[in-house]
Structure formats: C-alpha cells, structure tokens
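Here is how the chains run, residue by residue.
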Amino acid sequence: MKRNPTSGLIAQLNRIRLDLDTFSNPESRSTLLKNLDALIARLSALRDQLADAPLERRLSDIGMPLGQVIEFLKLAKDDYAVAALISDALHSREAKPQRPPINIPANLTNVQIRELLAQDLSKSEIKAIAVQRGISAGKRRDDEVRRDILRALERQEGYERLADARA
Amino acid sequence: MAKVISFINYKGGVGKTTTTFHVGCGLAMFEPKKKVLLIDADPQTNLTFLCADFAQWEKQVADVGSLETVYSAYLKSERKSLHDLVWHRPMTRPELANIDLVPSTIELLDIDLRLQSRTKAATTIQEVAQIHLDQRSILLRAIEEVSSDYDYILIDCPPNLYLATQNALYASDGYLVTLMPDHFSTVGVNFLDRKIKQLLRERNLSEQIVNPASDGMRELPYFLCFVKVNVTAGRMQLVAKEQMATVRSSALFSKKVFESRTDDYKDIREATTEQLPVYLNSPGSQNDSLYREMTKEFRSKFPLS
C-alpha cells in the first residue's frame, strides 16, 4: 500500500513547531521570540497548505520554508542562548508529571469503551481498545482510531436493535 | 436418540450446505466416529449433489423417494416412514460409510404453498393451535422414526423461514447459523434471531394451548459460526476482522459464536466439484484443518446426551 507522502512531512513539521513553541516561553528573549513566532507562523501556514493544496503545488512550495528552518537550526545549534533555552525546555519537559498507564481490561462493554475514550488515552491504550473490536490502528492518528471505534459501537448497537422483537 | 441440528440462515450463499456437509463428514470420519444422517431440506438439492451424482440421485428418487415424499404423504393424509426413504451410504468412499442421506428434489420448492393451501378451517383457538403444530411437525414425526439409528441428524435448510424450514426447526434440538463476516450478513443475523425466537414463541404458545400441562418455555440452543472468511495472502481482511469482532462482542451473540471459522480458499470449491469433503480431497489444506476444528467445536457445543 502506498504511503501518503504528505502525512509524514506534516508530522515532522508539527514536531518542529512543537519544539519551536517551547521557545515562545515568556521568559525567553524578546528578539528570539519575534523571530521564532514568525517562523512558527510560516510553518503553520505551510502545514495548512499541505493539507489543502494539490500534491504538485505542495511539493513545489515546500522548498523555501524548509530551507529557512534548516538554516535556523544550523545557526541555533551553535548559538549559546538557544542552547540554554533548549536545555531549560528539556528540563521543564522532564519535570512534567506523567500519569500512570490506564489498564485496558479484556471484553470491554460499549459503555466501558465510551467511558475510556472520554479520557486522555495514550496511543497504545487506544490501540488496545481498537484491537478488541477488530479495528486496525495501524499508523493512523489517535482521533481517527477513536472515531472508528465509536462508529463501530454505533453500528453494533444498530444491529442489536434489529434483533429486538419489540422494535 | 439422535441429536438433531438444523443449519439455518434465510440468506443464501452463506455456506449452509458446505458446512452441513463438512461437519457431517467430520462427525462420521474422525474419532469418536458417529453415525450421521444428512437431511437435504433445500429444493436446490445441493447437499444431495455433494453426496451423489446425478444418475444415482435420479434412480434413488424414482425407486425410493425423497424428503418431498414425506410432505406429499402428509398432504394426502398418509404416512410415509423415513425408514423407507433413507439413502444408505450414498458416498462410496469407505471413510464416509457412517453417513446416510435423505435426498431432496426440486419439488420441495412449492411445498410451503401446498401445505398452506391445505390448511383446514378452524373454529376454536385449540384447533388453530393444533393445525399450527401439525403443519410444522411433519418432519419431526418422520425423524422420530429413525432417530434411534443415528448419533447426529443434520438438516440443511433452504434460504428462507417458510414452513419447510419451520418444520426443520420444530424437529431440532438446536440450530447453527452460518454467516459471513460482512455488513449484510450481520444485519441478517440480527433479523434472523428475532424471527426464529418469534417462531419458537409461537410454537410454545400453541403447545400450551393444545396441552396446558406442557412446559411452554422451551428454548432451543443455538450458535453462530463464521464461514467463507475473506483472507488475502494469508491475512484476514480488515472488514472481516471488524465484523467478526462486532458480532462476537455484541450483547446478543457474545457467548454464541464458534471460535472456529472457515476461509474462502479455493480448496473448498475444488472439493465441492469432486463431491468430497476437503478432508479427503485436499488433506492438509487450509480448510481441512479449519473444518476439523469446527467439527470438534460442534461436538462440544452440541454434545450427545
């Protein structure tokens, strides 16, 4: 099966944007922030374009902004201020408390699945639920898998209504 | 007394005949070997032609009769013993010596209409209930005559729920629904469940009216099994996987679905053409082992008492 070439690219760009977001900390230096904000805006616009434009146009438009990102990162690598910021940002990320994994029991009922999906689940937790309903998570986004699970529940409940003699 | 199991689905092409044939052959061939009677209740006559070739069938029907003979006799207010209609050892392979057959004919096609047209006028609720039971107990009464000769009697039903199928249901100790893992089959199996339960409620009600002392709460054990599962390059297709999970996890069928299933590999079509079970036509093939598993599970789900 062919992979969608844009999905990987978008994911990479999103990751870059997330990293750059860490620099938009209010404590960061104002000049750097301005530049970063501009860069983030450009990358965001690029991401939106990638989602909408035809493939050929997307590919032709990618070159220049990507070049800018690469140049920025080359400079940033040797920049003392940026290094300090990265170090701070990494420390602050590590310090973020992680929630304990949620145990996904076997043979979940539809009600239990809905309750679980209302929580902020990890990819593996969503996948564990999907497997119970024969849904392949593959490399799809969490929200897509979550949507398919809910759709399967609705369909199943529809089937069951057909069997209800009172219907 | 034999355990009588009907293979039912009002949808066509969902593997009823192939599964009846293979489970029947499996019960007869593999230890502990059982004596099996196959009853072809479908006018399409496919189970019959899995067991015998055309010339043999023509001679058998002309000389002895078929399942239709039982119904015709009823319509003429006569009785025809199933003993006289059983085709002993229709298949020549020694491994299949434990299998007998009551063949079908195309004449079964309008049996429902013929039975219906013979319905007598009734003036009391007791008469209505009695007629209801009589019309649906023709096969039951015929099977009772031969029941002690067999361990299992398997009935291949036509793809409808008319009187011939209702006769099979009334004669059965349980039923097995074959279905394919797709959207329409899952829709169908839910309708089917509702309809069969309604038919059984009607039977119970009629029995209570005719005989108020009877236990009117009789239910039939039933199971579902997935057949002809779509497999591509050794992997089950995603739609099949999801549909199977949907049925297995549903409140209605969660404890009713066989663990075993069969695939849509060509080995089944090849065996059908050769009028042999896959166990003999292509031993070691995918469906050979799958149908062995299904036979094993059938024994445990429908144990002999």
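For the structure, see preceding data.
Reading the values: the criteria
- Residues numbered from 1 in each chain as written.
- Chains lettered and ligands numbered in written order.
- Predicted model: local features only at pLDDT ≥ 70, side-chain atom pairs only at ≥ 80, totals over all residues.
- Heavy atoms only, no water.
- Helix = DSSP H or I, 4+ residues; strand = E, 2+ residues; numbered from the N terminus.
- Buried < 20%, exposed > 50% of the residue type's maximum accessible area, 1.4 Å probe, protein only.
- Contact = heavy atoms within 4.5 Å.
- Areas by Shrake-Rupley, 256 points an atom, 1.4 Å probe, with all protein chains shown as cover.
- Rg over C-alpha atoms; globule rule 2.2 N^0.38 Å.
- Lys, Arg positive; Asp, Glu negative; His and termini not counted.
- Charge placed at Lys NZ, Arg CZ, Asp CG, Glu CD.
- Buried area = accessible area lost by both parts, 1.4 Å probe.
- Salt bridge = Lys/Arg side-chain N within 4 Å of Asp/Glu carboxyl O.
- Polar contact = N/O pair within 3.5 Å; in protein donor to acceptor, adjacent residues only side chain to side chain.
- Nonpolar A, V, L, I, M, F, W, Y, C, P; charged D, E, K, R; others polar.
- Axes fitted to C-alpha atoms, helices over the stretch in contact; angles between N-to-C directions.
- Parallel < 35°, antiparallel > 145°, perpendicular 65-115°, else oblique.
- Left-handed = near helix turned anticlockwise from the far one by under 90°.
- Pairing = 2+ DSSP bridges.
- Phe/Tyr/Trp six-rings, centres within 6.5 Å; stacked < 30°, edge-to-face > 60°.
- Lys NZ or Arg CZ within 6 Å of the ring centre and 35° of its normal.

**Quick word on the overall build of chain A**
Counting its regular elements, chain A contains seven helices and zero strands. In chain A, the order of α-helices and β-strands from amino to carboxyl end is α-α-α-α-α-α-α. Looking at chain A residue by residue over its 167 residues, the buried ones come to 31%. Long-range contacts, defined as pairs at least 24 residues apart, comprise 52% of the intrachain contacts of chain A with a sequence gap of at least 6. Accessible surface, chain A: about 11,400 Å² in total, of which carbon and sulfur atoms supply 56%.

**Focus: the overall build of chain B**
When helices and strands are tallied, chain B shows 13 helices and nine strands. Radius of gyration (C-alpha) of chain B: 19 Å, near the 19 Å computed for a compact globule of 305 residues. Taking all 305 residues of chain B together, the buried fraction comes to 56%. Look at the contacts in chain B between residues 6 or more apart in sequence, and 78% of them connect residues 24 or more apart. Per element, the accessible surface of chain B, about 13,200 Å² overall, is 53% carbon and sulfur. In chain B, 36 side chains carry a positive charge and 38 a negative one; their mean positions are 4 Å apart.

**Let's talk about the interface of chain B and chain A**
Interface size, as often reported, equals the accessible area lost upon joining of the parts. Each side of the interface is counted separately: chain B has 17 residues, and chain A has 16 residues. Roughly 1,400 Å² is buried in total at the junction of chain B and chain A, and carbon and sulfur atoms are behind 56% of that figure. Where chain B touches chain A, the interface holds one salt bridge. Linking chain B with chain A are eight residue pairs in polar contact (both at pLDDT 80 or more). If you list the elements that add at least two residues to the side of chain B that touches chain A, you get helix H9 (183-210) and helix H10 (238-248) of chain B. Among the elements that line the side of chain B that touches chain A, the one with the most residues is H9(B), at seven residues. Of the residues belonging to the side of chain B that touches chain A, the class tally is six nonpolar, seven polar and four charged.

**Things to note about the pattern of salt bridges**
Following the criterion strictly, the structure yields 20 salt bridges over all chains and no others. Across the pair Lys59(B) and Asp63(B) runs a salt bridge, and its minimum N-O distance is 2.8 Å. Of the two residues, Lys59(B) and Asp63(B) both sit in helix H3 (residues 54-63), four residues apart, roughly one turn of that helix. The exposure class assigned to Lys59(B) is exposed, which follows from its relative accessible area of 55%. Here Asp263(B) ties to Arg261(B) by a salt bridge, and the two come within 2.1 Å at their closest N and O atoms. Through salt bridges with shared partners, a single network forms among Arg140(A), Arg147(A), Asp148(A) and Arg151(A).

**Comments concerning the environment of Val257(B)**
As for its position among the elements, Val257(B) is in strand S9 (residues 257-263). Sequence-wise, Val257(B) and Ser206(B) are 51 residues apart; in three dimensions their C-alpha atoms are separated by 30 Å.

**Observations regarding the packing of helix H7 (residues 138-146) of chain B against helix H8 (residues 163-171) of chain B**
Helices that pack against each other are described as a pair by the angle of their axes relative to one another and the distance between those axes. Residues and elements named next belong to chain B. Between H7 and H8, whose axes approach to 7 Å, the crossing angle comes to 45°. Between H7 and H8, the angle is such that the two are oblique. Of the two elements, H7 crosses H8, and the hand of that crossing is right-handed. In this structure, H7 contributes Ile138, Leu139, Leu140 and Ile143 to the contact, and H8 contributes Asn167, Ala168, Tyr170 and Ala171. Looking at the contact of H7 with H8 residue by residue, the classes come out as seven nonpolar, one polar and no charged.

**Concerning the sheet that holds strand S1 (residues 3-8) of chain B**
Residue and element names in this part refer to chain B. The sheet built from seven strands is open, its strands ordered S3-S2-S4-S1-S5-S6-S9 with parallel pairing. Strands with a single pairing partner mark the edges of an open sheet, and in this sheet they are strand S3 (99-102) and S9. Between one strand axis and the next, the sheet turns through 25° on average, direction left out of account. Where S1 meets strand S5 (residues 174-179), four bridges bridge the pair, whose relative direction is parallel. The residue bridging Ser6 from the neighbouring strand is Tyr175, located in S5. Across the face of the sheet, H7 comes into contact with S1, strand S2 (36-40) and strand S4 (152-156) while running at roughly 150° to S4. Sheet strands touched by H9: S1, S5 and strand S6 (222-229). Its angle to S5, the strand with the most contacts, is close to 160°.

**Considerations on the packing of aromatic side chains**
All names here are of chain B. Taken as a whole, this structure holds 10 aromatic pairs over all chains when the rule is applied. On the basis of an interplanar angle of 85° and a centroid distance of 5.4 Å, the ring pair of Phe223 and Phe302 is categorised as edge-to-face. With Phe223 in strand S6 and Phe302 in the segment after helix H13 (286-301), this pair connects stretches of sequence that are 79 residues apart. Here Phe223 falls in the buried class, since its relative accessible area comes to 12%. A cation over an aromatic ring shows up here: Lys256 above the ring of Phe223, its NZ or CZ 5.6 Å from the ring centre. When the ring centre of Phe223 is taken as origin, the NZ or CZ atom of Lys301, which lies over that ring, is 5.6 Å away.

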